[in-house]
Amino acid sequence: MTIVGIGIRNVWRNKTRALLTVLGGSVAIIAFVLLRTVLWAWNIGVEYAAKDRLATRHRVSMIMPLPKRYVEIVRETPGITQTTWANWFGGKDPKHPDEFFATMAVDPDTFFDVYTEMSIPPDQKAAWRADRRGAIVGDVLARKLGVKPGDKYTLQGTIFPGDWEFTIDGIYLATAKSVDRSQFIFHWSLLNETLPERQRDLVGWIISRTDNPSRSADLSASIDKVFDEKDVQTTTMSERAMNNSFMAMFSAILTALDFVSIIILLIMMLILGNTIAMGVRERTREYGVLRALGFSPGHVRTFVMGEALTVSVLAGVVGVGLAYPIVQLGMGRWIEENLGGFFPYFRMSPGTAAVGVLLSIALGTVSAIIPAIQASKLTIVDSLRRVG
Amino acid sequence: MDTSTEKADRAASNEKNKSTNGKPIVELRGVTKVFWRGKEELRVLDGINLEIDEGSFEALMGPSGSGKSTLLNLIAGLDRVSSGTARVANRDLTTLGDSDLAKFRAQTVGFIFQAYNLMPVLTARENVELPLLLTKLSGAERKKRALTALRVVGLEDRTEHYPRQLSGGQEQRVAIARAIVNDPTIIVADEPTGDLDRKSADDILNLLERLNRDFKKTILMVTHDPAAAERATVQRRLDKGVLV
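The structure reproduced in this document is the subject of the present report. From a predicted model like this one, the values you see are computed outputs, not experimental measurements.

### Section: the overall build of chain A
Part 1: Per the secondary structure count, chain A includes 14 helices and 13 strands.
Part 2: A buried classification covers 41% of the 388 residues belonging to chain A.
Part 3: A sequence separation of at least 24 residues applies to 82% of the contacts in chain A between residues at least 6 apart.

As C-alpha cells, this is what we get:
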C-alpha cells in the first residue's frame, strides 16, 4: 500500500464516471493521433526524400514546361551521375473519374535509374522499354484498378484529351515509405509524338542524381546559372527542398490541423480537470482525516495527482490502443489506395503513439494542479466539517 | 472588562481544572479561540486554563456550540490557538510550524471521530496501516502492527473487510485501532459513540476504558452522553467557551 496506490484506488470509487472520463480522454487522444498522423504522413515526402536527388523546373512555375534539350545540358554538368525527365499527364480512370492517381509520361530508359526506390522485376522493365504503348503501375493502384501484367487499360486524358490505351507491362513495388504506390507511368515519346509540333520536345521537370549530396546546393546553383542567359530560366533544388516548397502551398491547412489538435487537447484537459475537481470535492473530508492523522499538504497533493495520473495514463493507452487498429488496419490502407499521391504511407508512427500517451499524462498532471493545490490548502478543521 | 464576579468564577474554575498529581500531559494557559463571521468576532474559547494528567481518562461535556470540539482540536494540534499557550506531551504547540505540527499529530495523537472516517477503498487492515505510511517501517512490519492493533480491538477476523462490510460499531473499532497503531501518547475522541446504538456504544466505551487501564493511554473524550461521561475518571463541563 502506497500513497499513490490509494489515489489510484480512489479513481474507481465512481466507476461510471471514471470509465466515461477515460473514454472521453481516449476519444480526444484518438482524434489527436489521427490528426498528427495526417501531418506526419503529409511530411513524410520531405522526411524520406532522397538527399542526392535534384529537381529542375521552370523558374516561374512548376506547371510551365522546359525545353527537352535542357536534359542533356543538366546531364553534362559535373557532379551529376543520372538524369531523367517527366511530364504530368493528368489521366483518369474513365469508370471512376473522381478518383485521383498520378499519371506521368517518363523516359523508360532512365526513369528507374534515378528512382531506385521503385523496384520492378527486370523482365517486366525490359518488356516495358520495348513496348511503346506499355505502362507500369504501382502495386496499390494495380490492386485498386484490378489490373495485372498483360492487361489492357484505357486512360482518359484531361490535359491531353482522348482515350489512351495501354498494355500493363509491369508493377512496381516501393522500397521506401515516401514512394507513391499509386502512380501510372508510360513512355514520354508516345505523348510527345501525339502532340502538335509547337508543343513537342517539352518536359515538365528534370530529375538528376548527384555524386555528393552535401554539394546539392552548389550543384543546383551551377545548373541554374547555365540557364540564366537562356530563353527559359530554371529553378533547381534538392528533392527535399522541392517537397518542402510543395508543402508550403498547404501551410494554412497544416496550421489549421495543428490548431485543431491543440483544441482537442485542451478539451481533454478540461474533461480531466472537471473529473478530478469533482473527486477532490467529494473527498475533502477524507483529506481532512488524512491531515489529522499527520499527513502533510504535500501528501494530499500526491493523492490527487495519483488519481489524475491514473485517469490520464488509461486515457492515453486506451486512446492510442484504439487508434492503432483504426489507422493501421482501416483508414491507413484506404488512404494509401485512394489518396496515395498525397499520403503514400499513412501509418501511425511510434513517435506519434508515444506523443499521444505522454501528452495525455502531461495534460492529466496539469489539469490536476489546481484541484491538488486547493485540496492541500484547506484547513483540517474546515475539511472535517465538509459533508462529502 | 470582566466584572469582579466573573474573575472570581474564572479563578475558581482554573483551580478546579489543575492537575491533581503534578504530571500534566496537557497544559493550556489563557487559551482563546476566535473565529470571524464576516466582521463579527466569535469567541469560541475564552481564557481556558486546563491541565490533564498523564494516564487519565477525561470526559468533556457541554451544550452544542460550547467549544468542546474546538478545544479538542487545539489539544490534538488540528487547529491553532488565537492567544494563550498550549503544551501537549512537552511540546509547545503555539511555536510549532505546520510541518512539525503534522509530525506531532502523527507521533503523539490518536484521533477518533464520531463518523469513523475510514477510507472506503481500503480494508480494515489497510485503514489501520494508514498512519504507519508516515513511518520508515517496512510493509511487512506495518502489516504486523496493524493486525496487532486490530487484535486489541477484537477485530482479528475482519481484517480484510471493507468499511461497507462492517457494522457501525465495528467501523468505530477499526478507527480506534487506527488511532492506537502508532502508540500515541494521547487519544482524543470526538463523540466516539454519537452514531452508535447503546450496545455498540458500551463496547466502544469498554474498549476505551481498557486502553486507558491496560495500555496507560491518556484519553480525552468529548461527549453529549452522560452515560459515556460516567465511564471517564474525570468529567469537565464547558459552557460558552469557559470551563465551569
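The rest of the description comes next.
### Structural notes on the nonpolar core
Part 1: Counting 111 residues, the largest nonpolar core has Val-304 of chain A together with Ile-75, Ala-177 and Val-188 of chain B as its most contacted members.
Part 2: Top element by residues in this core is helix 12 (residues 297–338) of chain A. It accounts for 11 residues.
Part 3: For Val-188 of chain B, the contacting residues outside a window of four places in its chain are Leu-72, Ile-75, Ala-76, Val-109, Phe-111 and Leu-220 of chain B.
Part 4: Counting residues in each nonpolar core, the second largest holds 45 residues, with Ala-55, Tyr-70, Phe-112 and Val-203 of chain A among its members.

### A few points about the interface of chain A and chain B
Accessible area lost upon the coming together of the parts is a frequently used measure of interface size.
Part 1: Of the residues lining the interface, 16 residues belong to chain A; the matching set on chain B comes to 20 residues.
Part 2: Counting residues per element, the ones that place at least two in the side of chain A that touches chain B are helix 1 (3–11), helix 11 (284–292) and helix 14 (380–385) of chain A.
Part 3: Split by residue class, the side of chain A that touches chain B holds 9 nonpolar, 3 polar and 4 charged.

### A look at the pairing of strand 4 (residues 83–88) of chain B
Residue and element names in this part refer to chain B.
Part 1: Pairing of strand 1 (residues 24–37) with strand 4 involves 5 bridges; the strand directions are antiparallel. What sits directly across from Leu-28, in strand 4, is Ala-86.
Part 2: Summarising the sheet, strand 4 and strand 5 (residues 91–92) pair through 2 bridges and their orientation is antiparallel. Bridged to Val-88 within strand 5 is Arg-91.
Part 3: In this structure, the hairpin formed by strand 4 and strand 5 is closed by a connection of 2 residues, where Ala-89 is found at a positive phi of approximately 50°.

### Re the sheet that holds strand 2 (residues 40–53) of chain B
Part 1: The antiparallel open sheet is built from 4 strands, whose spatial order is 2-1-4-5 (chain B). Each of the sheet's edge strands pairs with one partner strand only, and the pair in question is strand 2 and strand 5 of chain B.

### Some remarks on the packing of helix 10 (residues 251–282) of chain A against helix 13 (residues 350–377) of chain A
All names here are of chain A.
Part 1: Where helix 10 contacts helix 13, the two axes come as close as 8 Å, and the packing angle between them is 35°. Between helix 10 and helix 13 lies a crossing whose hand is right-handed. Between helix 10 and helix 13, the residues in contact are Leu-265, Met-268, Met-269, Leu-272, Gly-273, Ile-276, Ala-277 and Val-280 and Leu-359, Leu-363, Gly-364, Val-366, Ser-367, Ala-368, Pro-371, Gln-374 and Ala-375, respectively.
Part 2: Among the residues making up the contact of helix 10 with helix 13, the classes are represented as 13 nonpolar, 4 polar and no charged.

### As for helix 5 (residues 139–152) of chain B
All names here are of chain B.
Part 1: Compared with an ideal rise of 1.5 Å per residue, which puts 14 residues at 20 Å, helix 5 spans 20 Å between its outermost C-alpha atoms and is within 8% of the ideal.
Part 2: Those residues of helix 5 that fall on the buried side of the exposure criterion are Arg-142, Arg-145, Ala-146, Ala-149 and Leu-150. Relative to the axis of helix 5, the buried residues are bounded by an arc of 140° and lie together on one face. Facing away from the buried side of helix 5 by more than 90 degrees, the exposed set consists of Ala-140 and Glu-141.
Part 3: Elements that come into contact with the buried residues of helix 5 comprise helix 4 (124–129) and helix 6 (168–180).
Part 4: After helix 5 finishes, the residue Gly-154 shows a positive phi value of roughly 75°.

### Quick word on the sheet that holds strand 7 (residues 186–190) of chain B
Residue and element names in this part refer to chain B.
Part 1: Judged by pairing direction, the sheet is mixed, and its 6 strands sit side by side in the order 6-7-8-3-9-10 without closing on themselves. What marks the edges here is a single partner per strand, and that holds for strand 6 (109–112) and strand 10 (242–243).
Part 2: Two elements, strand 6 and strand 7, share 4 bridges in a ladder whose sense is parallel. Residue pairing across strands places Phe-111 opposite Val-188, the latter belonging to strand 7.
Part 3: Running over the sheet, helix 6 touches strand 6 and strand 7 and is turned about 170° from strand 6.
Part 4: In the packing of helix 7 (residues 198–214) onto the sheet, contacts are made with strand 3 (57–61), strand 7 and strand 8 (218–222), and the angle to strand 8 comes to roughly 150°.

The rules we used
- Residues numbered from 1 in each chain as written.
- Chains lettered and ligands numbered in written order.
- Predicted model: local features only at pLDDT ≥ 70, side-chain atom pairs only at ≥ 80, totals over all residues.
- Helix = DSSP H or I, 4+ residues; strand = E, 2+ residues; numbered from the N terminus.
- Buried ≥ 20, exposed ≤ 12 C-beta atoms within 10 Å, placed from the backbone.
- Contact = placed C-beta atoms within 7 Å.
- Core = buried A, V, L, I, M, F, W, Y, C linked by C-beta atoms within 7 Å.
- Nonpolar A, V, L, I, M, F, W, Y, C, P; charged D, E, K, R; others polar.
- Pairing = 2+ DSSP bridges.
- Axes fitted to C-alpha atoms, helices over the stretch in contact; angles between N-to-C directions.
- Left-handed = near helix turned anticlockwise from the far one by under 90°.
- Expected span 1.5 Å × (residues − 1).
- Arc of directions from axis to C-beta.

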